[in-house]
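Here's the letter readout for the chains.
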Amino acid sequence: MLFNSISFLVFFALVVPVFFLLRGKARLLFLLAGSLFFYCCAEPKYLVLIGFSTLFSYFAARSISSVKEERKKRRIMVLNVCVALIVLFFFKYFNFFNDSLRSVFTYFHLHYPVPDLFNLVFPIGISFYTFETISYVIDVFTGVREAEKDLAVYATYIAFFPKLLAGPIEQSTNLLPQLNTETKFDQDRIIYGLTRMLWGFFKKVVIADRLALIINPVFDSPSSYHPLTILVGCYATAMQVYCDFSGYSDIAIGASKVLGYDIVENFDQPFLSRSVGEFWRRWHMSLSFWLRDYLFNPIVYSRRKWGKYALIISTFITFILCGLWHGPRWSFVVFGLLQGLAICLELMLQPRRKKWAARFPPFFYNTLSMFITFHFTVFSFIFFRAKDLHSSLNVVYGLFHSGQPAGSVGSELSGLGILTIVISLMMILYMFVVEKRLSPTFNKLRYFRQSIVFGAITLSLLLVFGYFDPQTFIYFQF
């Protein structure tokens, strides 16, 4: 069940009124049942898998809280982490690594006897809820929170439908306490939530899916296009990935707001970053902070005697695994490697960068930093967006070697130009209503009336310019 589908709108319209009509435990159980039904619509055969992950981590945390000996607690925590990672590896990465080993053996003319087990379809959302179960058990082990006693509350935390399929990755300290209290019907929250959802639909249906019409042919066959067309496709890719995933996050955050829950923000104007490190503090923030708290910091702490080398090694490990987290493709590994290299370079040049910043006017230095960071991001997204490493290298090659004549450039530029106008109008409208920057007179209107204006204009643009052939969200594959 895609967010950008009629079936989800019907599902959500039925869930919300029933949710607020119910009270106490019945409301929580209804939310859990609705979330599991939502997942069944996408991956019914893998309901057992999310059930196993939920139960295993729940009882692991309960066991940790009931055991007094530190060594036993650690063993239970390590066992839970290992089981979670083994399940993730088996269903998402086994065939990838098996095929890679087979290719190496074949290259050296050696026999490789291990076959692929079977053609696995990635369970949607497995990377997200696996990270949530791991962080929850680690939090219980380190004493950040107590183990949740109510299985229904914990299961709802894992299966909560707005964030189940593609995040944000919710750490237990935020959402779990909210599920232990009953939310109230709040008109302003509901209006804000619906407005945020509509903004997410606009990003997905009007921007991301329309950009895909330009991007897909270019990335599928870069040799058929002029370098300028490929360059347009690369710029469009950065915007598409951002609007696709931040649009999903907006819908998830908005749907949660309607139900009375606050889940974490996932984006903070990432393309205004002045460094790659800052970019990852603004892009997919729930993943960045998870990797920082549960991977990067523990490695740095355990190797703190190494000084700056500990930071460099931790950065490389973190970003290679970050790239691999996105999917079983070598292009994702290269994407992570590029990000890690860039951040390590920033760490090594940090003293010089401070001197450069002091020598130049702040506006000039900050603008140049944003320009360089943005174009590095656009380049690295080639490896993120292409279907495999060979395809991504073909796109890079096509940027510097003329393929077909520039006859088709006009259509791409005209389509992108129209879309740019629509995006610009929408951003003005967004600042007009949500950021409340432009008009004191408009700001005096009641929030309900502001939202009606914003919603009406957004919906009109969505209906006029939207591409209504439901496209799956890019991050569903992760």
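Owing to the predicted nature of the structure, the values given are computational and were not obtained by experimental measurement.

Re the overall build of the protein
Step number 1: A tally of regular secondary structure across the protein gives 20 helices and 0 strands.
Step number 2: When each of the 478 residues of the protein is scored for burial, the buried share is 52%.
Step number 3: When the accessible surface of the protein is totalled, it reaches about 23,000 Å², and 67% of it is carbon and sulfur.

A few points about helix H6 (residues 151–159)
Step number 1: Summarising burial for H6: 8 of the 9 residues are buried, a large majority.
Step number 2: Where H6 is concerned, the buried positions are Ala152, Val153, Tyr154, Ala155, Thr156, Tyr157, Ile158 and Ala159.
Step number 3: For H6, the side-chain oxygen to backbone nitrogen distance between the N-cap and Ala152 is 2.9 Å, and the N-cap itself is Asp150.

Structural notes on the confidence of the model for the protein
Step number 1: Overall, the predicted model of the protein reaches an average pLDDT of 83, with 82% of residues at or above 70.
Step number 2: By mean pLDDT, the top-scoring element of the protein is H6 (94), and the lowest-scoring one is helix H19 (residues 440–443) (51).

Structural notes on the packing of aromatic side chains
Step number 1: Inspection of the entire model under this criterion finds 50 aromatic pairs.
Step number 2: Relative to Phe56, the ring of Phe52 lies with its centre 5.7 Å away and its plane at 35°, an arrangement referred to as tilted. One end of the pair is Phe52 and the other is Phe56, both in helix H3 (residues 47–66) and 4 residues apart, which spans about a single turn.
Step number 3: Positioned above the aromatic ring of Phe19, the side-chain terminus of Arg27 is 4.6 Å from the ring centre.

Considerations on the side chain of Thr156
Step number 1: Within the secondary structure, Thr156 sits in helix H6.
Step number 2: Once residues lying within four places of it in the same chain are set aside, the contact partners of Thr156 are Leu28, Leu31, Leu32 and Leu179.

Structural notes on a nonpolar patch on the surface
Step number 1: Together, Trp356, Phe360, Phe364, Leu368, Phe371 and Ile372 give the surface a local cluster of nonpolar side chains, amounting to about 600 Å² of exposed area.
Step number 2: Along the chain, Phe364 turns up in helix H16 (residues 362–385).

Thoughts on helix H10 (residues 227–259)
Step number 1: The terminal C-alpha atoms of H10 lie 48 Å apart, and with 33 residues this matches the ideal 48 Å at 1.5 Å per residue to within 8%.
Step number 2: Looking one or two residues beyond H10, the residue adopting positive phi is Gly260, at roughly 100°.

Some remarks on the pattern of salt bridges
Step number 1: One pass over the full model with this rule turns up 15 salt bridges.
Step number 2: A salt bridge links Lys203 to Asp250; its shortest N-O distance comes to 2.8 Å. Of this pair, Lys203 sits in helix H9 (residues 187–220) while Asp250 sits in helix H10, and the two are 47 residues apart along the sequence.
Step number 3: Across the salt bridge formed by Glu278 and Arg282, the nearest N and O atoms sit 2.9 Å from each other. Taken as a pair, Glu278 and Arg282 lie in helix H11 (residues 276–282) at a separation of 4 residues, close to a single helical turn. We note that Glu278, like Arg282, is buried.
Step number 4: One connected set of salt bridges, linked through shared partners, spans Arg196, Lys203, Asp250 and Glu265.

A closer look at the side chain of Ser380
Step number 1: Here Ser380 shows up in helix H16.
Step number 2: Relative accessible area serves as the criterion here: at 0%, Ser380 is assigned to the buried category.
Step number 3: Every residue in contact with Ser380, bar those within four places of it in the chain, is listed here: Phe335, Leu338 and Gln339.

Cut-offs and rules
- Each chain carries its own residue numbering, running from 1 in the direction its sequence is written.
- At least 70 in pLDDT is required for a residue's local features to be given in this predicted model, at least 80 for side-chain atom pairs to be given and counted, and no such filter applies to totals for whole chains, interfaces and linings, which use all residues.
- Excluded from the side-chain calculation are hydrogens and water; included are all heavy atoms of the structure.
- For helices the rule is a DSSP run of H or I covering at least 4 residues; for strands it is a run of E covering at least 2, with both sets numbered from the N terminus onward.
- Relative accessible area decides the class of each residue, using a 1.4 Å probe on protein chains only: under 20% of the type maximum gives buried, over 50% gives exposed, and in between gives partly exposed.
- Working definition of accessibility: Shrake-Rupley area with a 1.4 Å probe, residue cover restricted to the visible protein chains.
- Here a polar contact is recorded for every N or O atom pair within 3.5 Å, except that within protein the pair must consist of a potential hydrogen donor and a potential acceptor, and residues adjacent in sequence are included only if both atoms are side-chain atoms.
- pLDDT runs from 0 to 100 and stands for how confident the predictor is about each residue.
- Here a pair means two rings of Phe, Tyr or Trp (six-membered ring of Trp) with centres within 6.5 Å. Their orientation is stacked below 30 degrees between planes, edge-to-face above 60, and tilted elsewhere.
- Note on criteria: charge over ring means Lys NZ or Arg CZ within 6 Å of the ring centre, with the direction from the centre no more than 35 degrees off the ring normal.
- The contact rule is simple, with two residues in contact once any of their heavy atoms fall within 4.5 Å.
- Patch definition: residues with relative accessible area over 30% and no salt bridge; like charges joined within 9 Å; nonpolar side chains (Val, Leu, Ile, Met, Phe, Trp, Tyr) joined within 5 Å.
- Each salt bridge in this description consists of a side-chain nitrogen of Lys or Arg and a carboxyl oxygen of Asp or Glu lying within 4 Å of one another.
- The span you would expect from a helix comes to 1.5 Å times its residue count less one.

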